[in-house]
Amino acid sequence: METGIVSHKIIIVGIGPGDPAYLLPKARKIIEDARILVGGKRALADHSHSGVRECAIGADISGVLDFIRDALAEDDVVVMVSGDPGYYSLLDALRRTFPVDQIGVVPGISSLQFAFARLALPWHSARLLSFHGREPLEAELFRAPDAMLGMLTDGRNNSQTIAARLLSRGWHEKDRMYVCTHLSYKDEEIIETTLGAAKDDVGIGHGVIIVCAHEENV
Ligand SMILES: C[S@@+](CC[C@H](N)C(=O)[O-])C[C@H]1O[C@@H](n2cnc3c(N)ncnc32)[C@H](O)[C@@H]1O
């Protein structure tokens, strides 16, 4: 039955780690064609274009969801998120707020995937965790032979606090830690250290940390 109701879509696009060179062509086209664009300030600065209506994602997530709800009456809404939408992004909140059949997802390269690639390290056996605004369960932090952790961090949970936490969970001082920040950007930095050294060093956050139980693995 024809209802006459136009159902616009939310297209959530993963923009990868940051450098537009790592954006999928499909994602680029959707962003270029967007008339309503939602994203972090940096993403909007990198990808905005003339004639587009914008909403910046900040701390007020319910304000962003209200903007999207109103904007859908007019047109499709393209939401840019860092990395891949399936790994800790606005996708969770969008699924809780809007019908799933109104949501389309275009994948992107996750910062975790990118960090493993930079280290030429297979990640099929890695345990992926997020310390970004959340705390993994204690049970997820255990050490096992050949264990490998890939972690998102924020300002509070950083290389120093995470090293101390892992050491208290049975990890070894000599276990290797890679602290990866600004991945894909010109100021990208990857610091190789050990848990023992990192726990006494300045904490570095807002990046990806990879920890390997066996230094021979890399
Ligand atoms: C809200 S989470 C988003 C994760 C994203 N969906 C992904 O797949 O990478 C934000 C966290 O992603 C990580 N991150 C995103 N971009 C990064 C980059 N270019 N370099 C290092 N870490 C990055 C940091 O841990 C940051 O705190």
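Note that this is a predicted model, so its numbers are computed, not measured.

1. So, the nonpolar core
Then step 1. Counting residues in each nonpolar core, the largest one holds 28 residues, and the members touching the most others are A115, M177, V208, I209 and I210.
Then step 2. Of all the secondary structure elements, the ones that give two or more residues to this core are α5 (111–118), β7 (148–152), α6 (159–168), β8 (176–181), α7 (195–198) and β10 (208–212).
Then step 3. In this structure, I209 is in contact with M151, T153, S159, I162, M177, Y178 and V179, ignoring residues within four places of it in sequence.

2. Remarks on the environment of A73
Then step 1. Inspection of the secondary structure assignment puts A73 in the loop between α3 (61–71) and β4 (77–81).
Then step 2. With 8 C-beta atoms counted inside 10 Å, the residue A73 sits in the exposed group.
Then step 3. Distance from A73 to E192, taken between C-alpha atoms, is 50 Å for residues 119 residues apart in sequence.

3. Remarks on the domain arrangement of the protein chain
Then step 1. We note that the domain assignment places domain 1 (10–109) and domain 2 (112–217) within the protein chain.
Then step 2. On a C-alpha basis, the centres of domain 1 and domain 2 stand 28 Å from each other.
Then step 3. Counting residues at the interface gives 7 residues for domain 1, matched by 9 residues for domain 2.

4. Some details on the sheet that holds strand β9 (residues 189–194)
Then step 1. Overall, mixed pairing links the 5 strands, which are arranged β6-β7-β10-β8-β9 in an open sheet. Here the strands that pair on one side only, and so sit at the sheet edges, are β6 (127–130) and β9. Each strand of the sheet is rotated relative to its neighbour by a mean of 20 degrees, with strand direction disregarded.
Then step 2. Sheet topology note: the β8/β9 ladder contains 6 bridges and is antiparallel. Within β9, the residue paired with T181 across the bridge is E189.

5. Notes on the site of the ligand
Then step 1. The environment of the ligand is made up of 24 residues, and the closest members are G83, S110, S111, L152 and L183.
Then step 2. Put simply, the parts of the chain that give the shell around the ligand at least two residues each are α5 and β8.
Then step 3. For the shell around the ligand, the per-class residue count stands at 9 nonpolar, 13 polar and 2 charged.
Then step 4. Residue assignment places the shell around the ligand across two domains, with domain 1 (10–109) and domain 2 (112–217) each supplying three or more.

6. Observations regarding the environment of E54
Then step 1. Counting through the fold element by element, E54 comes out in strand β3 (residues 53–56).
Then step 2. Along the primary structure E54 and V77 are separated by 23 residues, whereas in three dimensions their C-alpha atoms are 9.7 Å apart.
Then step 3. With residues near it in sequence (within four places) discarded, E54 still touches L37, L44 and S48.

7. Details of the pairing of strand β1 (residues 10–14)
Then step 1. When you tally the buried positions in β1, you get 5 out of 5 residues, the bulk of the element.
Then step 2. Pairing of β1 with β4, which is carried by 5 bridges, proceeds in the parallel orientation. Bridge pairing in β4 links I11 to V78.
Then step 3. The sheet contact formed by β1 and strand β5 (residues 103–106) spans 4 bridges and is parallel. The partner of I11 across the bridge, within β5, is G104.

Quick notes on the rules
Once a new chain begins, its residue numbering starts again from 1 and follows that chain's sequence as written. Per-residue local features are limited, in this predicted model, to residues with pLDDT of at least 70; the limit for side-chain atom pairs, both in listing and counting, is 80 or more; totals at the level of whole chains, interfaces and linings are taken over all residues. Take the buried Ala, Val, Leu, Ile, Met, Phe, Trp, Tyr and Cys residues, join any whose C-beta atoms are within 7 Å, and the set you get is a nonpolar core. Our exposure labels follow a C-beta count within 10 Å of each residue's own C-beta, placed from the backbone: buried means 20 or more other C-beta atoms, exposed means 12 or fewer, and partly exposed covers the counts in between. Under the DSSP-based scheme used, a helix requires at least four consecutive residues in state H or I and a strand at least two consecutive residues in state E, with every element numbered from the N terminus. Note on contacts: each residue gets a C-beta atom placed from the backbone, and two residues are in contact if those atoms are within 7 Å. Where each domain begins and ends is defined by an automated method or by a domain database. For two strands to be treated as a pair, DSSP must find no fewer than two bridges joining them. Between N-to-C directions, angles cover 0 to 180 degrees, with each direction set by a line fitted to C-alpha atoms, over the stretch in contact for helices. A residue counts as near a molecule or strand when its C-beta atom, positioned from the backbone, falls within 6 Å of it. Gly is placed with the polar residues, together with every amino acid not listed as nonpolar (Ala, Val, Leu, Ile, Met, Phe, Trp, Tyr, Cys and Pro) or charged (Asp, Glu, Lys and Arg).

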